[in-house]
Protein chains: 2
Amino acid sequence: MEYKFSTIARTQDSSTVREILKLTQGTGVLSLAGGLPADAFFPVEAVAKAYEQVFRLGGTTVLQYGLTEGYIPLRERLTAMMASQGISVTRDNIIMTTGSQQTIDLVSRVLLDPQNTVLVESPTYLAALQVFKSYDANIVSVNTDTSGMQLDDLEAKLKEHQPKFVYVIPTFSNPAGGVWSMERRTGVVELCRKYGVLIFEDDPYGRLKFDENLNFPSLFSIDQQQGGDGHVMYTSTFSKTVAPGVRSGWLVANQTIVRKVANAKQSADLHSSSIDQRALSELLDFFDLDGHIRTVSTEYHARMLRLTSLMKERQWEGISWNEALGGMFMWVTLPEGFRSNQLLELAIQEGVAFVPGQVFYADLSGSNHMRINFTHTDPSLLPEAVERLDRALKKYAEESLVKSVR
Amino acid sequence: MEYKFSTIARTQDSSTVREILKLTQGTGVLSLAGGLPADAFFPVEAVAKAYEQVFRLGGTTVLQYGLTEGYIPLRERLTAMMASQGISVTRDNIIMTTGSQQTIDLVSRVLLDPQNTVLVESPTYLAALQVFKSYDANIVSVNTDTSGMQLDDLEAKLKEHQPKFVYVIPTFSNPAGGVWSMERRTGVVELCRKYGVLIFEDDPYGRLKFDENLNFPSLFSIDQQQGGDGHVMYTSTFSKTVAPGVRSGWLVANQTIVRKVANAKQSADLHSSSIDQRALSELLDFFDLDGHIRTVSTEYHARMLRLTSLMKERQWEGISWNEALGGMFMWVTLPEGFRSNQLLELAIQEGVAFVPGQVFYADLSGSNHMRINFTHTDPSLLPEAVERLDRALKKYAEESLVKSVR
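Everything quoted here is computed from the prediction, not taken from an experiment.

Caption draft 1: Region of interest: the overall build of chain A. Within chain A, the secondary structure is distributed over 14 helices and 15 strands. Relative to the globule expectation of 22 Å for 406 residues, the C-alpha radius of gyration of chain A, 22 Å, shows essentially globular dimensions. Counting only residues that meet the buried cut, chain A has 62% of its 406 residues in that class. When contacts within chain A are restricted to residue pairs at least 6 apart in sequence, long-range pairs at least 24 apart make up 74% of them. As presented, chain A carries roughly 15,100 Å² of accessible surface, and 49% of it is formed by carbon and sulfur atoms.

Structure (structure tokens):
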């Protein structure tokens, strides 16, 4: 039969990243596209022990329905973890989700009516843009540079659009890998408070610091220090610190918001896996997560340095990038006029993949950028990946030349 | 600050059942309200072994991101399980969800625009009504008797409303515990095909049969036998056959629908717990699930008989109920004019809880019904539960008398 899908479903395609990942699976293509952590560092033994303890200690209640808000002992532990990051909350300010992707979806669900405005960085997280679109939001980009959102543009757009919230990734962002300055952090918090607008702070990567001594306070903690009364909603996840497979993220917010999100979650899926949550709670009891995060961050740092050194050797003309201070991504700027999605086609022919920049822009600008992930590809393969990228860039330049001559 | 929630969030309250469960927790109230399976029968040892195997056999990939559609070997096993129930599909017709609640949410998301109509049984599953409302659907009840939806009323409403789909629980329904006749099953499938309308078949309880020899073919299998081309979407779950804690349900549907649901799920949470799914796949390899379901069903049958025999002894005037042929619920009809939500207040004072009938009706009619769960309360406590219910009924009658005299 012919199906009549909803307006949302008709516009909702599979994500570009996902399609690239599919294209490259099992083909020998070296993928710098996905946002995947390095499998090799997953603490499988510790996680296995944690699940074993859940069943050994938990009895039959482990398998019964759980609370929509999540397993209480895990939320208690998260309270302590948040406190160590300058966020002072109780467990009633926390709700567990199936990863921060679900946090973004549920927060959008309880806040966005069609045509409500959301302000975002340019560029910003692709899958957040997809969620906001699925709620028919009016997505407006705020001018963003390497220090964060530009305050004058933000203020103009707060006034003009009266947005429902401002969505930001201030630390080691996806895709640009950047870090906001303190001035921009405090500035954005102050402006949003001035105009009575919520901030939605997404922080999946903040703990993957390449220099332990660096400190980037969350907007949530800044708002609290300044005596704010709940202007910031904060989400993070265990996907990048423990592993994506444990499928557990969380929202920290004012209780009023948490209660609304809990109602929405009850309707969406009753609750996330409580076995995963119980296992995380056990894990945090015996596992040195801080030490593990240091190990992983050190390795990611080394991989990033290896990749950038290989890229520098190539002496590509007019191509620049940031050296990330943490996280999982580098943001490469190609010469003006380059179209990274066309480059990608050539790159896949050569056997290497990345994500073209424009998908990270609400207005699809930024076509002369590409996002490169440095955490998932085995370091021994990086020379070959850069070699292939080099060939693709040369082909692209040749083809452009041919076109311009014609 | 003052939050401006979305229209949906402002109407979305915590469910009645959930609030009753909260009220009764730790108070000594005997709850016949929740839809919980009996903890005592959860196959904890087998499940624990399954998780252990996942980590022992799986290596690091166990902890990496998984497919949105779900773990392939589990979907392969489900294909075989579905075939044994007369449903012939491939794994591409199956997508895994975080329980059938999420299936209902995602199916609604890809099909419903605001004010689209959904036809439902009266009464029907409360949390499905909540989902449909959250998509601003126009929910229309079809006249329903103990044999299922009435075909003449269904046809009239298919013509009048041109609904997006018809949501049904044909076997051991929640809340009424009933079973549709073969005539109604085939009739509904034929009518929906005639009018080009999808059927959404929810089947969480179908395998909990009290008589093994009874056979109630799914609408999906009937549609297939009649050569239909994808008029039925079918959802089931492991919550009632293995345990709710494994948080895994699935949708079976035409590939076009499955792909749309996958796009929606990608935006909603990327994927459900793959550790839970891998464990279920391992479990199905060595565990006698069919035998386990027989054991549990036999016990549930005994509990239902015990409860109804205790109720019969009371010789309540004008109160009737169905004797369930399977599933987890009994549907009690009180005398005309009784308001079961007022009775519930008295019942909780006496120390027993149930769910008042009207919450299961799209139009909030049916106030002289109550839903009683017979699976979760320990059988030794059933005499006391009925005793308390008896006291509440007597109080209610007295108070009604006083009011009517005044």
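Caption draft 2: Focus on the UniProt feature "domain: Aminotransferase class I/classII large" (unreviewed entry) in chain A. Following the UniProt record, one finds the feature "domain: Aminotransferase class I/classII large" (unreviewed entry) at residues 32-389 of chain A. Along residues 32-389 of chain A the backbone is 42% helical and 15% strand, and the end-to-end C-alpha distance reaches 10 Å.

Caption draft 3: Quick look at the domain arrangement of chain A. All names here are of chain A. Structurally, chain A comprises domain 1 (7-31 + 291-405) and domain 2 (45-286). Inter-centroid distance (C-alpha atoms) of domain 1 to domain 2 is 27 Å. Facing 28 residues of domain 1, the contacting portion of domain 2 comprises 28 residues. For the pair domain 1 and domain 2, the summed buried area comes to about 2,400 Å², and 67% of that belongs to carbon and sulfur atoms. Summed over the shared surface of domain 1 and domain 2, the number is 1 salt bridge. Two residues, Glu212 and Arg294, come together in a salt bridge whose shortest N-O distance is 4.0 Å. The interface formed by domain 1 and domain 2 includes 5 residue pairs in polar contact (both at pLDDT 80 or more). Counting only elements with at least two residues in the side of domain 1 that touches domain 2, the list comes to helix H12 (289-314) and strand E12 (329-333). Considering each element in turn, the side of domain 1 that touches domain 2 owes the most residues, 8 residues, to H12. Among the residues making up the side of domain 1 that touches domain 2, the classes are represented as 17 nonpolar, 8 polar and 3 charged.

Caption draft 4: Up close: the environment of B:Gly357. Residues and elements named next belong to chain B. Here Gly357 lies in the loop between strand E14 (355-356) and strand E15 (369-373). Residues Gly357 and Ala9, spaced 348 residues apart in sequence, show a C-alpha to C-alpha distance of 24 Å. Apart from residues no more than four positions distant in its own chain, Gly357 is found in contact with Trp331, Ser340, Gly366, His369 and Met370.

Caption draft 5: Broad picture of the interface of chain A and chain B. With 77 residues of chain A in contact, the opposing surface of chain B contributes 77 residues. Buried surface at the junction of chain A and chain B, both sides included, amounts to about 6,600 Å², of which 55% is carbon and sulfur. Interface area lost by chain A to chain B is led by A:Met1, A:Tyr3 and A:Leu63, which between them contribute 11%. In this structure, the connection of chain A to chain B is made through 4 salt bridges.

Caption draft 6: Broad picture of the packing of helix H3 (residues 44-58) of chain A against helix H3 (residues 44-58) of chain B. Two elements in contact, H3(A) and H3(B), have axes separated by 10 Å at closest approach and are oriented at 180 degrees. With respect to H3(B), the element H3(A) is oriented roughly antiparallel. Here A:Val44, A:Val47, A:Ala48, A:Tyr51 and A:Phe55 of H3(A) come into contact with H3(B), specifically with B:Val44, B:Val47, B:Ala48, B:Tyr51 and B:Phe55. Looking at the contact of H3(A) with H3(B), its residues break down into 10 nonpolar, no polar and no charged.

Caption draft 7: Region of the structure containing the nonpolar core. The biggest cluster of nonpolar side chains holds 206 residues, and the ones touching the most others in it are A:Phe238, A:Trp250, B:Phe238 and B:Trp250. Beyond its immediate sequence surroundings of up to four residues, B:Phe238 is in contact with B:Leu74, B:Leu78, B:Met81, B:Ala243, B:Val246, B:Ser248, B:Trp250, B:Leu280, B:Leu284 and B:Leu289.

Caption draft 8: Region of interest: the packing of helix H5 (residues 100-111) of chain A against helix H10 (residues 255-269) of chain B. Taken N-terminus to C-terminus, the directions of H5(A) and H10(B) make an angle of 95 degrees; their axes are 5 Å apart at the nearest point. Viewed along their axes, H5(A) and H10(B) adopt a mutual orientation that is roughly perpendicular. Residues A:Gln101, A:Gln102 and A:Asp105 of H5(A) form the contact with H10(B), whose participating residues are B:Gln266, B:Ser267, B:Ala268 and B:Asp269. Residue composition of the contact of H5(A) with H10(B), grouped by class: 1 nonpolar, 4 polar and 2 charged.

Caption draft 9: View of the pattern of salt bridges. Residue and element names in this part refer to chain B. Under the defined criterion, the tally for this structure stands at 44 salt bridges over all chains. Among the ionic pairs, Lys312 bridges to Glu323, the shortest N-O distance being 3.1 Å. In this pair, Lys312 sits in helix H12 (residues 289-313) while Glu323 sits in the loop between strand E11 (320-321) and strand E12 (329-333), placing the two residues 11 residues apart along the sequence. Classification of Glu323 by relative accessible area gives partly exposed; the value is 36%.

Caption draft 10: Spatial organisation of the packing of aromatic side chains. Counted under the stated rule, the structure contains 27 aromatic pairs over all chains. With a centroid separation of 5.0 Å and 40 degrees between ring planes, the pair formed by A:Tyr51 and B:Phe55 is classed as tilted. Of this pair, A:Tyr51 sits in helix H3 while B:Phe55 is found in helix H3, placing the two residues in two different chains. Relative to A:Trp250, the ring of A:Phe238 has its centre 4.9 Å away and its plane inclined at 50 degrees; by these criteria the two rings are tilted.

Caption draft 11: How the structure looks around helix H4 (residues 72-83) of chain A. Residue and element names in this part refer to chain A. Taking 1.5 Å per residue as the helical rise, H4 with its 12 residues ought to reach 16 Å, and the 17 Å between its terminal C-alpha atoms agrees with that figure. Of the residues making up H4, those classed as buried are Leu74, Arg75, Leu78, Thr79, Met81 and Met82. Here the buried residues of H4 occupy an arc of 165 degrees about the axis, which is enough to place them on one side. As for H4, its buried residues are in contact with strand E2 (94-97), strand E9 (232-237), strand E10 (249-252), helix H11 (274-286) and H12.

Quick notes on the rules
Residues numbered from 1 in each chain as written. Chains lettered and ligands numbered in written order. Predicted model: local features only at pLDDT ≥ 70, side-chain atom pairs only at ≥ 80, totals over all residues. Heavy atoms only, no water. Helix = DSSP H or I, 4+ residues; strand = E, 2+ residues; numbered from the N terminus. Rg over C-alpha atoms; globule rule 2.2 N^0.38 Å. Buried < 20%, exposed > 50% of the residue type's maximum accessible area, 1.4 Å probe, protein only. Contact = heavy atoms within 4.5 Å. Areas by Shrake-Rupley, 256 points an atom, 1.4 Å probe, with all protein chains shown as cover. UniProt positions renumbered as here; feature names shortened; annotations may be inferred. Domains from an automatic or database assignment. Buried area = accessible area lost by both parts, 1.4 Å probe. Salt bridge = Lys/Arg side-chain N within 4 Å of Asp/Glu carboxyl O. Polar contact = N/O pair within 3.5 Å; in protein donor to acceptor, adjacent residues only side chain to side chain. Nonpolar A, V, L, I, M, F, W, Y, C, P; charged D, E, K, R; others polar. Axes fitted to C-alpha atoms, helices over the stretch in contact; angles between N-to-C directions. Parallel < 35°, antiparallel > 145°, perpendicular 65-115°, else oblique. Core = buried A, V, L, I, M, F, W, Y, C linked by side-chain atoms within 4.5 Å. Phe/Tyr/Trp six-rings, centres within 6.5 Å; stacked < 30°, edge-to-face > 60°. Expected span 1.5 Å × (residues − 1). Arc of directions from axis to C-beta.

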